[in-house]
Amino acid sequence: MSTTAQAISSADAHSAHNYHPLPVVIAHAEGAWMTDVEGRRYLDMLAGYSALNFGHGNRRLLDAARAQLERVTLTSRAFHHDRFADFCTELSALCGKEMVLPMNTGAEAVETAVKTARKWGYEVKGVPDGHAKIVVAADNFHGRTTTIVSFSTDHDARDHFGPYTPGFEIVPYGDLTALAAAVTSNTVAVLLEPIQGEAGVLVPPAGYLRGVRELTRERNVLFMADEIQSGLGRTGKTFACEHEEVVPDVYILGKALGGGVVPVSAVVADRDVLGVFRPGEHGSTFGGNPLACAVALEVIAMLRSGEYQQRATELGDHLHRELNLLVGGGAVTAVRGRGLWAGVDIDPALGTGREISEKLMERGVLVKDTHGSTIRIAPPLVISKEDLDWGLDQLRSVLGG
Ligand SMILES: *Cc1c(COP(=O)(O)O)cnc(C)c1O
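What you see is a predicted model, and the numbers here were worked out from it, not measured in a lab.

(A) Region of the structure containing the domain arrangement of the protein. According to the domain assignment, the protein consists of domain 1 (3–57 + 307–399) and domain 2 (71–304). Measuring from the centre of the C-alpha atoms in domain 1 to the corresponding centre in domain 2 gives 27 Å. Carbon and sulfur atoms supply 58% of the area buried between domain 1 and domain 2, which totals about 2300 Å² over both sides. Area buried by domain 1 at its contact with domain 2 is led by Gln309, Arg338 and Trp341, which between them contribute 33% of it. For the pair domain 1 and domain 2, the interface holds 1 salt bridge. The salt bridge partner of Glu198 is Arg376, with a shortest N-O separation of 2.7 Å. Where domain 1 touches domain 2, the interface holds 14 residue pairs in polar contact (both at pLDDT 80 or more). Contributing elements (two or more residues each) for the side of domain 1 that touches domain 2: helix H2 (47–50), helix H12 (307–326), strand S11 (332–337), strand S12 (342–346) and strand S15 (374–377). Partitioned by chemical class, the residues of the side of domain 1 that touches domain 2 number 14 nonpolar, 11 polar and 3 charged.

(B) Broad picture of the sheet that holds strand S10 (residues 265–269). The mixed open sheet is built from 7 strands, whose spatial order is S4-S10-S9-S8-S7-S5-S6. Pairing within the sheet leaves two strands with one partner each, and these edge strands are strand S4 (99–103) and strand S6 (168–171). Recorded for the sheet is a direction-independent mean angle of 20 degrees between the axes of neighbouring strands. The pairing of S4 with S10 spans 5 bridges and is classified as antiparallel.

(C) Quick peek at the site of the ligand. Taken together, Thr105, Gly106, Ala107, Phe141, His142, Gly143, Glu193, Asp226, Ile228, Gln229 and Lys255 make up all the residues around the ligand. A distance of 2.8 Å is found between an oxygen atom of the ligand and a backbone nitrogen or oxygen belonging to Gly106. Relative to its unbound accessible surface of 380 Å², the ligand loses 81% to contact with the protein. Split into classes, the residues belonging to the shell around the ligand amount to 3 nonpolar, 5 polar and 3 charged.

(D) Geometry of the nonpolar core. The biggest cluster of nonpolar side chains holds 60 residues, and the ones touching the most others in it are Phe87, Leu91, Leu323, Val344 and Ile377. Built from parts of two domains, this core gets at least three residues from each of domain 1 (3–57 + 307–399) and domain 2 (71–304). The contact partners of Ile377, leaving out residues within four places of it in the chain, are Met45, Leu319, Leu323, Leu340, Trp341, Ala342, Val344, Val367 and Leu395. Within the second largest apolar cluster, 30 residues are counted, among which are Ala107, Leu222, Val267 and Phe277.

(E) Spotlight on the pattern of salt bridges. If you walk through the whole model with that rule in mind, you get 15 salt bridges. As a salt-bridge pair, Glu281 and Lys119 come within 3.0 Å of each other at their nearest N and O atoms. Within this pair, whereas Glu281 is found in the loop between helix H10 (271–274) and helix H11 (290–304), its partner Lys119 is found in helix H5 (residues 106–125), the two being separated by 162 residues in sequence. On the basis of relative accessible area, Glu281 is assigned to the partly exposed category, the value being 31%. A relative accessible area of 18% means that Lys119 is categorised as buried. Close ionic contact of Lys385 with Asp389 constitutes a salt bridge, the shortest N to O distance being 3.5 Å. Remark: Asp389 and Lys385 occur in helix H14 (residues 385–400); sequence separation between them is 4 residues, near one turn of the helix. Residue Lys385 is classed as partly exposed on the basis of its relative accessible area of 39%.

(F) Spatial organisation of the packing of helix H4 (residues 84–95) against H11. At a minimum axis distance of 9 Å, the contact between H4 and H11 shows a crossing angle of 30 degrees. Relative to H11, the element H4 lies roughly parallel. In this structure, H4 meets H11 at a crossing whose hand is left-handed. Residue-level contacts link Phe84, Asp86, Phe87, Glu90, Leu91, Ala93 and Leu94 of H4 to Cys293, Ala296, Leu297, Ile300, Leu303 and Arg304 of H11. Residues that form the contact of H4 with H11 fall into these classes: 10 nonpolar, no polar and 3 charged.

The rules behind each value
- Residues numbered from 1 in each chain as written.
- Predicted model: local features only at pLDDT ≥ 70, side-chain atom pairs only at ≥ 80, totals over all residues.
- Heavy atoms only, no water.
- Domains from an automatic or database assignment.
- Buried area = accessible area lost by both parts, 1.4 Å probe.
- Salt bridge = Lys/Arg side-chain N within 4 Å of Asp/Glu carboxyl O.
- Polar contact = N/O pair within 3.5 Å; in protein donor to acceptor, adjacent residues only side chain to side chain.
- Helix = DSSP H or I, 4+ residues; strand = E, 2+ residues; numbered from the N terminus.
- Nonpolar A, V, L, I, M, F, W, Y, C, P; charged D, E, K, R; others polar.
- Pairing = 2+ DSSP bridges.
- Axes fitted to C-alpha atoms, helices over the stretch in contact; angles between N-to-C directions.
- Near = heavy atom within 4 Å.
- Areas by Shrake-Rupley, 256 points an atom, 1.4 Å probe, with all protein chains shown as cover.
- Core = buried A, V, L, I, M, F, W, Y, C linked by side-chain atoms within 4.5 Å.
- Buried < 20%, exposed > 50% of the residue type's maximum accessible area, 1.4 Å probe, protein only.
- Contact = heavy atoms within 4.5 Å.
- Parallel < 35°, antiparallel > 145°, perpendicular 65-115°, else oblique.
- Left-handed = near helix turned anticlockwise from the far one by under 90°.

This is the structure:
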């Protein structure tokens, strides 16, 4: 058996089968490239679902992590540590908000946002206790905890994990009329992805996010934007909401905030919202730890320069121009997205998204399919134009025959 086959069969034997990875075993990675256990190189066109916006082995991030590893890595929140204040101050400033509540994974940040909205609803808005409602969109992806799958419309994510957490109202994504109809006096928040990543990189109709902002402001409801995948440079802006000049009440961040080095997530909002928490009401042993803060501080500094957003804009324009040339040629039926992020619908006659992904893998390109015949393209923002073009060449070859 090859080294690859051996590694895969022992992983299959001893890990739960909650994923179906492509048959490649990575041993090393740098920038936009990964190398497998047999020395084959692959262009990473997924970037850990945008956790690796700054590329593999980014020098600045590794240096920041290494320096912090030598000093102190974990204190728990029982004590203060000397990176915490800077992290909260800098992240608040990046978001134009006043307060940060740090967690680790994206799902934890979404859970935190749900708890924030409920508490704000009862203590500030005056919703009767136990009656808070949060409006969410169909086809959402916000994580995999029991509460979050309670408002998922994806059967794989949801079925046989009940009983479900009540208090959520699901409306079609992109439909303002349906959203307005779902908001009642007990609604505390609208929770949305500004672009739905897992659903296939769905960009809502122009004016939708602005409409959500106006509606939520008028009805005294929090607008909570899950920017875990869309945020931190991916779409060419720091936040995808900026494309409609919208500022939500609550930013939910994760993935790239930890630079692909450590899990770092956060809820960011003003004092009138996050100020509802008192000691003991929420927390996490690892949330806001010194190593996480050190890496995230470097991520924030990198985003402050604007260079990654600019790369995403320029390379993204190029990516979408090239992908759009494929639409109508038979193989590609639609392309969506913004910045260096695209959902490409392949004609099902050419194969499932999985089959296309496997063919791309054989040609040295790693992508991930989603929902049938869609593949997602989201390379690290540090990818060179030449490498991006090479990746697109491989896609054209796979689709052409
Ligand atoms: C990945 C993701 C999450 C969940 O993050 P985890 O770190 O996997 O828990 C939530 N929302 C969105 C939009 C995501 O892309």
